Amino acid sequence: YSYSCTEGENRQLWSSGHHLKSCRDVAFSQDGQKLFTVSKDKAVHVLTVEEGRLETRFPKAHGSALNCVLPVDNHVFATGDDDGALKVWDLRKGDAILEARQQEEYISAMAVDGNGKILLTASGDGTLGVFNVKRRRFELLSEPQNGDLTSVVLLKRGKKVACGSSEGTIYLFNWDGFGAASDRFALRAESVDCMVPITDSIVCVGSLDGVIRAVNILPNRVLGCVGQHLGEPIEQLAVAPGGQLLASCAHDQKVKFWDVSALGGLVVDDYRKKKKKGGPLRALSSKAAGSGEDFFADLRDEAEPAAA
(Lines give C-alpha, C1' and ligand atoms only; values in the text may rest on other atoms or scores of the structure.)
Protein backbone atom coordinates (compact mmCIF):
# COMPACT_ATOMS: atom_id res chain seq x y z
CA TYR A 1 0.00 0.00 0.00
CA SER A 2 0.94 3.61 -0.37
CA TYR A 3 -0.53 5.59 2.50
CA SER A 4 -1.39 9.23 2.92
CA CYS A 5 -2.81 11.34 5.73
CA THR A 6 -5.17 12.90 3.19
CA GLU A 7 -8.62 11.30 3.14
CA GLY A 8 -9.14 8.85 0.27
CA GLU A 9 -5.51 8.71 -0.89
CA ASN A 10 -4.51 5.33 0.58
CA ARG A 11 -4.29 2.77 -2.17
CA GLN A 12 -3.23 -0.80 -2.74
CA LEU A 13 -0.30 -1.07 -5.17
CA TRP A 14 -0.13 -4.85 -5.57
CA SER A 15 -0.75 -8.13 -3.78
CA SER A 16 1.14 -11.41 -3.91
CA GLY A 17 -0.15 -14.92 -3.30
CA HIS A 18 3.16 -16.76 -3.69
CA HIS A 19 3.09 -18.38 -0.24
CA LEU A 20 1.11 -21.61 0.17
CA LYS A 21 0.21 -20.95 3.84
CA SER A 22 -0.18 -17.95 6.12
CA CYS A 23 2.36 -15.15 5.77
CA ARG A 24 3.81 -14.59 9.24
CA ASP A 25 6.21 -11.65 8.85
CA VAL A 26 7.33 -9.07 6.29
CA ALA A 27 10.28 -6.65 6.30
CA PHE A 28 11.68 -4.04 3.94
CA SER A 29 15.36 -4.29 3.02
CA GLN A 30 17.50 -1.42 4.31
CA ASP A 31 17.59 0.28 0.90
CA GLY A 32 13.80 -0.09 0.61
CA GLN A 33 14.02 -1.89 -2.74
CA LYS A 34 13.13 -5.43 -1.60
CA LEU A 35 10.49 -6.99 0.60
CA PHE A 36 11.28 -10.13 2.61
CA THR A 37 8.35 -12.40 3.50
CA VAL A 38 8.30 -15.59 5.59
CA SER A 39 5.49 -18.08 5.94
CA LYS A 40 4.13 -21.10 7.75
CA ASP A 41 4.99 -23.01 4.53
CA LYS A 42 8.72 -22.79 5.61
CA ALA A 43 9.63 -20.63 2.59
CA VAL A 44 11.38 -17.26 2.40
CA HIS A 45 10.47 -15.00 -0.54
CA VAL A 46 12.22 -11.85 -1.67
CA LEU A 47 10.00 -9.54 -3.73
CA THR A 48 10.68 -6.26 -5.51
CA VAL A 49 8.90 -3.42 -3.71
CA GLU A 50 7.91 -1.49 -6.84
CA GLU A 51 6.00 -4.19 -8.72
CA GLY A 52 5.84 -7.16 -6.32
CA ARG A 53 7.84 -9.46 -8.59
CA LEU A 54 9.23 -12.60 -6.93
CA GLU A 55 13.00 -12.20 -7.18
CA THR A 56 14.43 -14.94 -4.94
CA ARG A 57 12.85 -17.91 -3.23
CA PHE A 58 14.17 -20.28 -0.55
CA PRO A 59 11.49 -23.02 -0.61
CA LYS A 60 12.47 -25.21 2.36
CA ALA A 61 14.44 -22.64 4.30
CA HIS A 62 13.75 -24.21 7.73
CA GLY A 63 12.58 -27.54 9.09
CA SER A 64 9.50 -25.96 10.69
CA ALA A 65 7.18 -23.00 10.12
CA LEU A 66 8.94 -19.63 9.91
CA ASN A 67 7.94 -16.92 12.33
CA CYS A 68 10.10 -13.82 11.77
CA VAL A 69 12.59 -12.20 9.40
CA LEU A 70 15.11 -9.38 9.89
CA PRO A 71 17.38 -7.78 7.24
CA VAL A 72 20.87 -7.22 8.71
CA ASP A 73 22.33 -5.29 5.75
CA ASN A 74 21.67 -5.11 2.00
CA HIS A 75 22.87 -8.70 1.44
CA VAL A 76 22.41 -10.50 4.76
CA PHE A 77 19.15 -11.34 6.54
CA ALA A 78 18.10 -13.57 9.45
CA THR A 79 15.10 -15.87 9.91
CA GLY A 80 13.67 -17.58 12.99
CA ASP A 81 11.21 -20.48 13.21
CA ASP A 82 8.67 -22.13 15.52
CA ASP A 83 11.21 -24.57 16.98
CA GLY A 84 13.75 -21.96 18.10
CA ALA A 85 16.07 -22.33 15.09
CA LEU A 86 17.86 -19.28 13.69
CA LYS A 87 19.44 -18.98 10.26
CA VAL A 88 21.43 -16.10 8.80
CA TRP A 89 21.44 -15.93 4.99
CA ASP A 90 23.65 -14.22 2.43
CA LEU A 91 21.87 -13.34 -0.82
CA ARG A 92 25.20 -13.24 -2.69
CA LYS A 93 25.84 -16.88 -1.80
CA GLY A 94 22.20 -17.92 -1.99
CA ASP A 95 22.57 -19.97 1.17
CA ALA A 96 22.68 -19.85 4.97
CA ILE A 97 25.99 -18.70 6.52
CA LEU A 98 24.95 -19.38 10.13
CA GLU A 99 22.59 -22.03 11.52
CA ALA A 100 21.84 -22.48 15.21
CA ARG A 101 19.17 -23.92 17.46
CA GLN A 102 19.89 -22.71 20.97
CA GLN A 103 16.35 -21.86 22.09
CA GLU A 104 13.57 -24.32 22.88
CA GLU A 105 10.55 -22.39 21.66
CA TYR A 106 9.56 -20.16 18.73
CA ILE A 107 11.68 -17.12 17.85
CA SER A 108 9.26 -14.21 18.29
CA ALA A 109 11.44 -11.22 17.36
CA MET A 110 14.98 -10.21 16.42
CA ALA A 111 17.13 -7.09 16.56
CA VAL A 112 20.62 -6.22 15.36
CA ASP A 113 23.10 -3.57 16.52
CA GLY A 114 24.08 -0.59 14.38
CA ASN A 115 27.19 -2.32 13.02
CA GLY A 116 25.28 -5.41 11.88
CA LYS A 117 27.51 -7.52 14.11
CA ILE A 118 25.47 -8.72 17.10
CA LEU A 119 22.05 -10.30 16.50
CA LEU A 120 19.56 -10.71 19.36
CA THR A 121 16.68 -13.20 19.32
CA ALA A 122 13.69 -13.22 21.71
CA SER A 123 12.07 -16.60 22.23
CA GLY A 124 8.91 -18.16 23.61
CA ASP A 125 11.03 -20.04 26.16
CA GLY A 126 11.72 -16.72 27.94
CA THR A 127 15.37 -16.42 26.88
CA LEU A 128 17.27 -13.80 24.90
CA GLY A 129 19.79 -15.30 22.44
CA VAL A 130 22.98 -13.47 21.41
CA PHE A 131 24.69 -14.33 18.10
CA ASN A 132 27.75 -12.88 16.40
CA VAL A 133 26.90 -12.48 12.70
CA LYS A 134 30.39 -11.37 11.64
CA ARG A 135 32.07 -14.40 13.28
CA ARG A 136 29.11 -16.67 12.47
CA ARG A 137 28.74 -18.12 15.92
CA PHE A 138 26.45 -18.36 18.94
CA GLU A 139 27.60 -16.24 21.90
CA LEU A 140 25.28 -16.81 24.86
CA LEU A 141 21.75 -17.27 26.18
CA SER A 142 20.18 -15.22 28.97
CA GLU A 143 18.57 -16.89 31.94
CA PRO A 144 14.84 -17.54 31.27
CA GLN A 145 12.42 -14.77 32.27
CA ASN A 146 8.78 -15.23 33.26
CA GLY A 147 6.50 -15.76 30.27
CA ASP A 148 7.32 -15.72 26.56
CA LEU A 149 9.62 -12.98 25.33
CA THR A 150 7.66 -11.34 22.50
CA SER A 151 9.81 -8.43 21.34
CA VAL A 152 13.32 -6.98 21.53
CA VAL A 153 14.55 -3.40 20.88
CA LEU A 154 17.79 -1.45 21.40
CA LEU A 155 17.66 1.76 23.44
CA LYS A 156 19.97 4.38 25.01
CA ARG A 157 22.22 4.53 21.93
CA GLY A 158 22.62 0.77 21.93
CA LYS A 159 23.66 0.51 25.60
CA LYS A 160 20.37 -1.06 26.74
CA VAL A 161 18.14 -3.79 25.35
CA ALA A 162 14.44 -4.01 26.24
CA CYS A 163 12.38 -7.20 25.84
CA GLY A 164 8.61 -7.39 26.14
CA SER A 165 6.95 -10.44 27.65
CA SER A 166 3.54 -12.12 27.53
CA GLU A 167 3.25 -11.44 31.29
CA GLY A 168 3.07 -7.68 30.68
CA THR A 169 6.62 -7.02 31.91
CA ILE A 170 9.46 -5.22 30.11
CA TYR A 171 12.87 -6.71 30.93
CA LEU A 172 16.00 -4.58 30.53
CA PHE A 173 19.50 -5.87 29.78
CA ASN A 174 22.81 -4.03 29.73
CA TRP A 175 24.61 -4.35 26.38
CA ASP A 176 27.59 -6.08 28.00
CA GLY A 177 25.52 -8.17 30.43
CA PHE A 178 23.05 -10.35 28.57
CA GLY A 179 23.19 -13.20 31.10
CA ALA A 180 20.65 -11.67 33.47
CA ALA A 181 18.13 -8.83 33.30
CA SER A 182 19.38 -5.63 34.93
CA ASP A 183 15.90 -4.25 35.56
CA ARG A 184 12.25 -5.09 35.03
CA PHE A 185 9.17 -2.93 34.67
CA ALA A 186 5.66 -4.38 35.01
CA LEU A 187 3.07 -2.54 32.92
CA ARG A 188 -0.59 -2.52 33.82
CA ALA A 189 -1.26 -4.38 30.61
CA GLU A 190 -2.30 -7.95 29.98
CA SER A 191 0.79 -8.53 27.83
CA VAL A 192 3.46 -6.81 25.78
CA ASP A 193 2.88 -8.26 22.30
CA CYS A 194 4.99 -5.87 20.24
CA MET A 195 7.29 -2.96 20.89
CA VAL A 196 8.91 -0.29 18.74
CA PRO A 197 11.39 2.46 19.74
CA ILE A 198 10.32 6.08 19.07
CA THR A 199 13.34 7.81 20.67
CA ASP A 200 16.40 6.59 22.57
CA SER A 201 14.31 6.28 25.74
CA ILE A 202 10.68 5.99 24.64
CA VAL A 203 9.02 2.88 23.20
CA CYS A 204 5.46 2.30 22.04
CA VAL A 205 4.00 -0.97 23.26
CA GLY A 206 1.07 -2.90 21.76
CA SER A 207 -0.92 -5.18 24.02
CA LEU A 208 -3.62 -7.84 24.13
CA ASP A 209 -6.12 -5.26 25.47
CA GLY A 210 -5.85 -3.24 22.24
CA VAL A 211 -4.18 -0.22 23.85
CA ILE A 212 -0.94 1.31 22.51
CA ARG A 213 1.04 2.72 25.42
CA ALA A 214 4.00 5.08 25.28
CA VAL A 215 6.58 3.99 27.85
CA ASN A 216 9.73 5.78 28.98
CA ILE A 217 12.65 3.53 29.91
CA LEU A 218 14.98 4.60 32.76
CA PRO A 219 13.27 6.26 34.54
CA ASN A 220 10.57 3.63 33.93
CA ARG A 221 7.26 5.39 33.41
CA VAL A 222 4.08 4.81 31.43
CA LEU A 223 3.57 8.16 29.70
CA GLY A 224 0.07 7.48 28.43
CA CYS A 225 -2.06 6.08 25.64
CA VAL A 226 -1.14 6.83 22.02
CA GLY A 227 -4.23 5.12 20.62
CA GLN A 228 -6.17 1.90 20.59
CA HIS A 229 -7.94 -0.79 18.60
CA LEU A 230 -10.88 -1.24 20.97
CA GLY A 231 -10.59 -4.65 22.61
CA GLU A 232 -8.63 -6.16 19.71
CA PRO A 233 -5.13 -7.60 20.31
CA ILE A 234 -2.44 -5.57 18.56
CA GLU A 235 -0.25 -7.70 16.30
CA GLN A 236 2.40 -5.28 15.05
CA LEU A 237 3.68 -1.71 15.31
CA ALA A 238 5.93 0.25 12.96
CA VAL A 239 7.33 3.78 12.88
CA ALA A 240 7.49 5.81 9.69
CA PRO A 241 10.90 7.30 8.78
CA GLY A 242 11.27 10.59 10.62
CA GLY A 243 9.41 9.25 13.66
CA GLN A 244 6.25 11.35 13.14
CA LEU A 245 3.78 8.53 12.54
CA LEU A 246 3.18 5.19 14.23
CA ALA A 247 1.29 2.47 12.35
CA SER A 248 -0.53 -0.31 14.17
CA CYS A 249 -2.44 -3.36 12.97
CA ALA A 250 -4.73 -5.53 15.07
CA HIS A 251 -7.34 -8.28 14.83
CA ASP A 252 -9.96 -5.76 13.65
CA GLN A 253 -8.42 -6.02 10.13
CA LYS A 254 -7.40 -2.33 10.23
CA VAL A 255 -4.11 -0.50 9.93
CA LYS A 256 -4.27 2.72 11.95
CA PHE A 257 -1.85 5.64 11.97
CA TRP A 258 -1.13 7.75 15.05
CA ASP A 259 0.70 11.06 15.39
CA VAL A 260 3.61 10.45 17.78
CA SER A 261 5.61 13.60 16.89
CA ALA A 262 5.04 15.03 20.39
CA LEU A 263 6.87 12.09 22.03
CA GLY A 264 10.20 13.21 20.60
CA GLY A 265 10.20 16.36 22.74
CA LEU A 266 9.09 14.76 26.01
CA VAL A 267 11.62 14.89 28.83
CA VAL A 268 10.94 12.56 31.74
CA ASP A 269 12.70 13.42 34.98
CA ASP A 270 13.14 11.22 38.03
CA TYR A 271 10.67 13.23 40.09
CA ARG A 272 7.36 11.42 40.24
CA LYS A 273 4.04 12.93 41.25
CA LYS A 274 1.75 10.66 43.24
CA LYS A 275 -0.91 9.39 40.88
CA LYS A 276 -4.24 7.87 41.79
CA LYS A 277 -3.85 4.15 41.38
CA GLY A 278 -6.06 2.73 38.69
CA GLY A 279 -6.72 6.12 37.13
CA PRO A 280 -7.18 6.41 33.37
CA LEU A 281 -4.17 6.55 31.07
CA ARG A 282 -3.30 10.01 29.86
CA ALA A 283 -4.22 10.44 26.18
CA LEU A 284 -1.19 11.39 24.09
CA SER A 285 -3.03 12.09 20.84
CA SER A 286 -6.44 13.56 20.01
CA LYS A 287 -7.63 10.23 18.66
CA ALA A 288 -6.65 8.51 21.91
CA ALA A 289 -8.79 10.84 24.04
CA GLY A 290 -11.65 9.03 25.71
CA SER A 291 -9.70 5.88 24.99
CA GLY A 292 -10.47 2.31 25.92
CA GLU A 293 -8.67 2.83 29.23
CA ASP A 294 -11.09 5.60 30.27
CA PHE A 295 -14.00 3.41 29.30
CA PHE A 296 -12.87 0.60 31.60
CA ALA A 297 -11.55 2.80 34.42
CA ASP A 298 -14.72 2.70 36.54
CA LEU A 299 -14.98 -1.08 36.10
CA ARG A 300 -11.39 -1.48 37.24
CA ASP A 301 -11.88 0.67 40.34
CA GLU A 302 -14.84 -1.47 41.40
CA ALA A 303 -13.07 -4.71 40.61
CA GLU A 304 -9.90 -4.02 42.60
CA PRO A 305 -11.43 -3.98 46.12
CA ALA A 306 -13.39 -7.12 45.23
CA ALA A 307 -10.19 -8.83 44.20
CA ALA A 308 -8.46 -7.71 47.39
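- Going by what an unreviewed UniProt entry lists, the chain is known as WDR55 protein and is assigned to Thalassarche chlororhynchos.

Considerations on the UniProt feature "repeat: WD" (unreviewed entry) in the chain
Point 1. With numbering aligned to this structure, UniProt lists the feature "repeat: WD" (unreviewed entry) at residues 73-99 and 234-261.
Point 2. Between the end C-alpha atoms of residues 73-99 the distance is 18 Å, and the span holds 0% helix and 63% strand.
Point 3. Spanning residues 234-261, this segment combines 0% helix with 61% strand, and its end C-alpha atoms are found 21 Å apart.

Some remarks on the sheet that holds strand β18 (residues 202-206)
Point 1. Spatial strand order, β17-β18-β19-β20: 4 strands in an open sheet with antiparallel pairing. Lying at the two open borders of the sheet, with one neighbouring strand each, are β17 (194-197) and β20 (221-228). Along the sheet, successive strands turn relative to each other by an average axial angle of 25°, direction set aside.
Point 2. By the bridge criterion, 6 bridges tie strand β19 (residues 211-216) to β20 in an arrangement that is antiparallel. Counterpart to Ile-212 in the pairing with β20 is Gly-227.

A few points about the environment of Gly-210
Point 1. As for its placement among the helices and strands, Gly-210 is situated in the loop between β18 and β19.
Point 2. A sequence separation of 11 residues divides Gly-210 from Arg-221, and the C-alpha atoms of the two residues are 19 Å apart.
Point 3. Ignoring sequence-local partners within four residues, the contact set of Gly-210 consists of Gly-227, Gln-228, His-229, Glu-232 and Ile-234.

Overview of unusual backbone geometry
Point 1. In this model, Leu-218 is joined to Pro-219 through a cis peptide bond whose omega is 0°.
Point 2. On the secondary structure map, Pro-219 appears in the loop between β19 and β20.
Point 3. One non-glycine residue with positive phi stands out, namely Arg-157, at about 55°.
Point 4. Mapped onto the elements, Arg-157 comes out in the loop between β13 (149-155) and β14 (160-165).
Point 5. Here Leu-218 lies in the loop between β19 and β20.

Quick notes on a positive patch on the surface
Point 1. The grouping of Lys-21, Lys-40, Lys-42 and Lys-60 at the surface amounts to a positive patch.
Point 2. As for its placement among the helices and strands, Lys-21 is situated in the segment before β1 (23-28).

What to know about the packing of aromatic side chains
Note on aromatic pairs: each is described by the distance of the centres and the angle between the planes.
Point 1. On inspection of all chains with the given rule, the structure shows 7 aromatic pairs.
Point 2. Look at Tyr-3 and Phe-257: their rings are 4.6 Å apart centre to centre, the planes differ by 25°, and that puts the pair in the stacked class. Remark: Phe-257 occurs in strand β23 (residues 255-259) and Tyr-3 occurs in the segment before β1; sequence separation between them is 254 residues.
Point 3. Residue class for Tyr-3 comes out partly exposed when judged on its relative accessible area of 42%.
Point 4. Aromatic pair Phe-58 and Phe-77: ring centres 6.0 Å apart, planes at 50°, arrangement tilted. Separated by 19 residues along the polypeptide, Phe-58 in strand β4 (residues 54-58) and Phe-77 in strand β6 (residues 76-81) bring together distant segments of the chain. One exposure class covers both Phe-58 and Phe-77, and it is buried.
Point 5. An aromatic cluster is present here, built from Phe-36, Phe-58, Phe-77 and Trp-89 joined pairwise through their rings.

Looking at the state of the cysteines
When the sulfur atoms of two cysteines share a covalent bond, that bond is a disulfide.
Point 1. Counted under the stated rule, the structure contains 0 disulfides.
Point 2. Cys-5 forms no disulfide, and the closest cysteine sulfur to it belongs to Cys-204, at a distance of 16 Å.
Point 3. The thiol of Cys-68 is unpaired, and the distance to the nearest cysteine sulfur, on Cys-23, comes to 13 Å.
Point 4. The buried category is assigned to Cys-68, whose relative accessible area is 3%.

Topic: the nonpolar core
Point 1. Judged by nonpolar contacts, the single largest core of 18 residues is most densely connected at Cys-204, Ile-212, Val-226, Leu-237, Leu-246 and Leu-263.
Point 2. Put simply, the parts of the chain that give this core at least two residues each are β17, β18, β19, β20, β21 (234-239) and β22 (245-250).
Point 3. Setting aside residues no more than four positions away along its own chain, Leu-246 makes contact with Val-196, Ile-198, Cys-204, Ile-212, Val-226, Leu-237, Ala-238, Val-239, Lys-256, Phe-257, Trp-258 and Val-260.
Point 4. Counting residues in hydrophobic clusters, the runner-up holds 16 residues, among them Cys-68, Leu-86, Ala-100 and Val-112.

Here is what the cut-offs are and how they apply
- Residues numbered from 1 in each chain as written.
- Predicted model: local features only at pLDDT ≥ 70, side-chain atom pairs only at ≥ 80, totals over all residues.
- Heavy atoms only, no water.
- UniProt positions renumbered as here; feature names shortened; annotations may be inferred.
- Helix = DSSP H or I, 4+ residues; strand = E, 2+ residues; numbered from the N terminus.
- Pairing = 2+ DSSP bridges.
- Axes fitted to C-alpha atoms, helices over the stretch in contact; angles between N-to-C directions.
- Contact = heavy atoms within 4.5 Å.
- Patch = residues over 30% accessible without salt bridge, like charges linked within 9 Å, V, L, I, M, F, W, Y side chains within 5 Å.
- Areas by Shrake-Rupley, 256 points an atom, 1.4 Å probe, with all protein chains shown as cover.
- Salt bridge = Lys/Arg side-chain N within 4 Å of Asp/Glu carboxyl O.
- Lys, Arg positive; Asp, Glu negative; His and termini not counted.
- Charge placed at Lys NZ, Arg CZ, Asp CG, Glu CD.
- Phe/Tyr/Trp six-rings, centres within 6.5 Å; stacked < 30°, edge-to-face > 60°.
- Buried < 20%, exposed > 50% of the residue type's maximum accessible area, 1.4 Å probe, protein only.
- Disulfide = S-S within 2.5 Å.
- Core = buried A, V, L, I, M, F, W, Y, C linked by side-chain atoms within 4.5 Å.

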